[in-house]
Amino acid sequence: MDGRLLLVGCGKMGGALLAGWIDRGIDVGSITVIEPNPVFASAIRDKFEIEVFGGPDELPKGLSPVVTVFAVKPQDLDMVAPAYRAPAGADTVFLTIAAGRTLKSLAPGLGADAAVVRAMPNLPAAVRRGITVLVANRYVTAEQRSRCQDLLDAVGDVAWVDDEALLDAVTALSGSGPAYVFLMIECLAEAGEAAGLSAELAMTLARATVIGAAELTRQSPEAAETLRQNVTSPGGTTAAALEVLMAPQGLGRLMTEAVAAATRRSRELAK
């Protein structure tokens, strides 16, 4: 980062971002953190040896960050954001990861011509395996886009969209997606128990199988469909299971309905 970075909120996602930035080599001396919870603030200071303030009134004068990152709860953003207009400079870009808060809804708090990037990361960012989709308003420059990209690259992959409305589907697929995978692990383990395995062994096998399959997908140049076909022998055990999962009322339809439901709810919550 060629300038000061201000992180507002350092809970789970904010903490994951901070750890990723420091691992990437960003100088802790260029990062300022706002965290009003004194317990969290103390833990952040001890872990990262970084400057942490309780609120905007404590910030040093003339801070002027090049990027201000809002990692606060969506319902708190209206109250929090206006306090960070004053420290912003002409080149400041605001990067928000508050789900459901549209670019238009942020204009009253940050200014009608503020450069704002909206991001939708997901939970695996905590282990540097996240994926984040970004959308920028018309005031964001190419240099500001690059800065935001670099910050999110530190915790996983990054993609951009031009149509903000697509973030509802992004939220439904990748934002909520880790929960679907966790549920699959639960269901696999329960199925193993029903087949006679102990609860402990069934969960161990379910977790290891999903982790291994995901890593194979990441490393292989082949499509997921091809990988599935590679482990499916005609008339074998996998084929028997897939006849159930790929039936008209099977997993494909359930997943389509689940993502559609999450997309609708994301649109309902957007403001």
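Computed from a predicted model, the values in this text were never measured in an experiment.

Q: Describe the overall build of the protein chain, naming the residues involved and giving the relevant values.
A: Helices and strands together make up the secondary structure of the protein chain, namely 11 helices and 8 strands. Within the protein chain, buried positions represent 40% of all 271 residues. For the protein chain, the proportion of contacts with a sequence separation of at least 24, taken over those separated by at least 6, is 62%. Element-wise, carbon and sulfur atoms account for 58% of the exposed surface of the protein chain, whose accessible area totals about 15,000 Å². Of the side-chain charges in the protein chain, 24 are positive and 31 negative, and the distance between the mean point of each set is 5 Å.

Q: Describe the packing of aromatic side chains, naming the residues involved and giving the relevant values.
A: We describe a pair of aromatic rings using the distance from one ring centre to the other and the angle between the two ring planes. For the structure on display, the rule yields 2 aromatic pairs. On the numbers, 5.9 Å between centres and 10 degrees between planes, the contact of Phe70 with Phe94 is stacked. Of this pair, Phe70 sits in strand E4 (residues 67-70) while Phe94 sits in strand E5 (residues 93-96), and the two are 24 residues apart along the sequence. Of the two residues examined, Phe70 and Phe94, each falls in the buried class. An aromatic cluster of at least three residues, connected via ring pairs, comprises Phe70, Tyr84 and Phe94. Taking NZ or CZ as reference, Arg145 lies 4.0 Å from the ring centre of Trp160, over its face.

Q: Requested: an account of the nonpolar core, with residues and values cited.
A: Counting residues in hydrophobic clusters, the biggest one holds 35 residues, and the most contacted among them are Leu18, Trp21, Val69, Leu95 and Leu151. With 4 residues, the top contributor of residues to this core is helix H1 (residues 12-24). The next biggest cluster of nonpolar side chains, apart from the first, holds 25 residues, and it includes Leu6, Leu77, Ala98 and Val170.

Q: Just give me the short version of unusual backbone geometry, but keep the residues and values in it.
A: The phi dihedral of Glu49 falls on the positive side, at around 50 degrees, and the residue is not glycine. Along the chain, Glu49 turns up in the loop between helix H2 (38-48) and strand E3 (52-53).

Q: Please give an account of the environment of Glu257 that cites residues and values.
A: Relative to the assigned elements, Glu257 resides in helix H11 (residues 251-269). A polar contact of 2.9 Å, which involves the side chain of Glu257, links it to the side chain of Arg253.

Q: Break down the side chain of Asp168 for me, with residues and values.
A: Looking at the element boundaries, Asp168 is found in helix H6 (residues 167-175). Side-chain polar atoms of Asp168 contact the side chain of Ser266, separated by 2.7 Å.

Q: Tell me about the sheet that holds strand E2 (residues 31-34), residues and numbers included.
A: With respect to topology, 8 strands assemble into an open sheet ordered E3-E2-E1-E4-E5-E6-E7-E8, the strand pairing being mixed. On the outer flanks of this sheet lie E3 and strand E8 (156-160), each paired with one strand and no other. When E5 meets strand E6 (residues 115-120), the two strands line up parallel, connected through 4 bridges. Bridge assignment links Thr96 to a residue of E6, and that residue is Arg118.

Q: Can you tell me about the packing of H6 against helix H7 (residues 177-194), naming the residues and giving the values?
A: Contact geometry for H6 and H7: axes closest at 5 Å, N-to-C directions at 30 degrees. Regarding the angle of H6 to H7, the classification is roughly parallel. On the side of H6, the interface is formed by Ala172, Leu173, Ser174 and Gly175, while H7 contributes Gly177, Pro178 and Tyr180. Tallied by class, the residues present in the contact of H6 with H7 amount to 4 nonpolar, 3 polar and no charged.

Q: Tell me about the pairing of E8, and name the residues and values.
A: Across 5 bridges, the pairing between strand E7 (residues 130-136) and E8 is parallel. Among the inter-strand pairings, Thr132 is bridged to a residue of E8, identified as Val158. The parallel pair E7 and E8, bridged by helix H5 (residues 142-153), forms a crossover whose chirality is right-handed.

Q: Explain the packing of H6 against H11 to me, using residue names and the numbers behind them.
A: Look at H6 against H11: their axes get within 8 Å of each other, and the N-to-C directions meet at 130 degrees. Relative to H11, H6 is oriented oblique. For the pair H6 and H11, the crossing hand works out as right-handed. Contact residues: H6 offers Asp168, Ala169, Thr171 and Ala172, while H11 offers Val259, Ala262, Thr263, Ser266 and Arg267. Class assignment of the residues belonging to the contact of H6 with H11 gives a composition of 4 nonpolar, 3 polar and 2 charged.

Here is what the cut-offs are and how they apply
- One numbering rule holds for all chains: residues counted from 1, following each sequence as written.
- Where totals are concerned, whole chains, interfaces and linings use all residues; where local detail is concerned, this predicted model gives features only for residues with pLDDT of at least 70, and gives and counts side-chain atom pairs only at 80 or more.
- The side-chain values count all of the structure's non-hydrogen atoms but skip hydrogen atoms and water molecules.
- Working definition: helices are DSSP H or I runs of at least four residues, strands are E runs of at least two. Numbering for both runs from the N terminus.
- With a 1.4 Å probe rolled over the protein chains alone, any residue whose accessible area is under 20% of its type maximum counts as buried; one over 50% counts as exposed, and the rest are partly exposed.
- Contacts: residue pairs with any heavy atoms within 4.5 Å of one another.
- Surface accessibility follows the Shrake-Rupley procedure with a 1.4 Å probe radius. Residue values consider only the protein chains on display as shielding.
- His is not counted, nor are the chain ends, whereas Lys and Arg count as positive and Asp and Glu as negative.
- Where a charge sits is defined by one atom per residue type, namely NZ (Lys), CZ (Arg), CG (Asp) or CD (Glu).
- Two rings belonging to Phe, Tyr or Trp (six-membered ring only in the last case) form a pair when the distance between their centres is within 6.5 Å. Interplanar angles under 30 degrees mark stacking, angles over 60 mark edge-to-face geometry, and anything in between is tilted.
- Two limits define a charge over a ring: the Lys NZ or Arg CZ must be within 6 Å of the ring centre, and within 35 degrees of the ring normal.
- Here, nonpolar core refers to any group of buried Ala, Val, Leu, Ile, Met, Phe, Trp, Tyr and Cys residues whose side-chain atoms link them within 4.5 Å.
- Side-chain atoms alone can form a polar contact between residues adjacent in sequence; in general such a contact is a pair of N or O atoms within 3.5 Å, and within protein one must be able to donate a hydrogen while the other accepts it.
- By the convention used here, strands pair only if DSSP detects at least 2 bridges between them.
- Between N-to-C directions, angles span 0 to 180 degrees; the directions come from axes that are lines fitted to C-alpha atoms, helices contributing only their stretch in contact.
- Any angle from 65 to 115 degrees is called roughly perpendicular, while one under 35 is roughly parallel, one over 145 is roughly antiparallel, and all others are oblique.
- Each residue is assigned to one class: nonpolar for Ala, Val, Leu, Ile, Met, Phe, Trp, Tyr, Cys and Pro, charged for Asp, Glu, Lys and Arg, and polar for all the others, Gly among them.
- Note on handedness: a crossover is taken as right-handed if, strands pointing away from the viewer, the path from the first strand over the helix to the second is clockwise.
- The crossing is said to be left-handed when, going from far helix to near helix, the turn is anticlockwise and less than a right angle, and right-handed when the turn is clockwise.

Nothing here speaks to function; it is all geometry.
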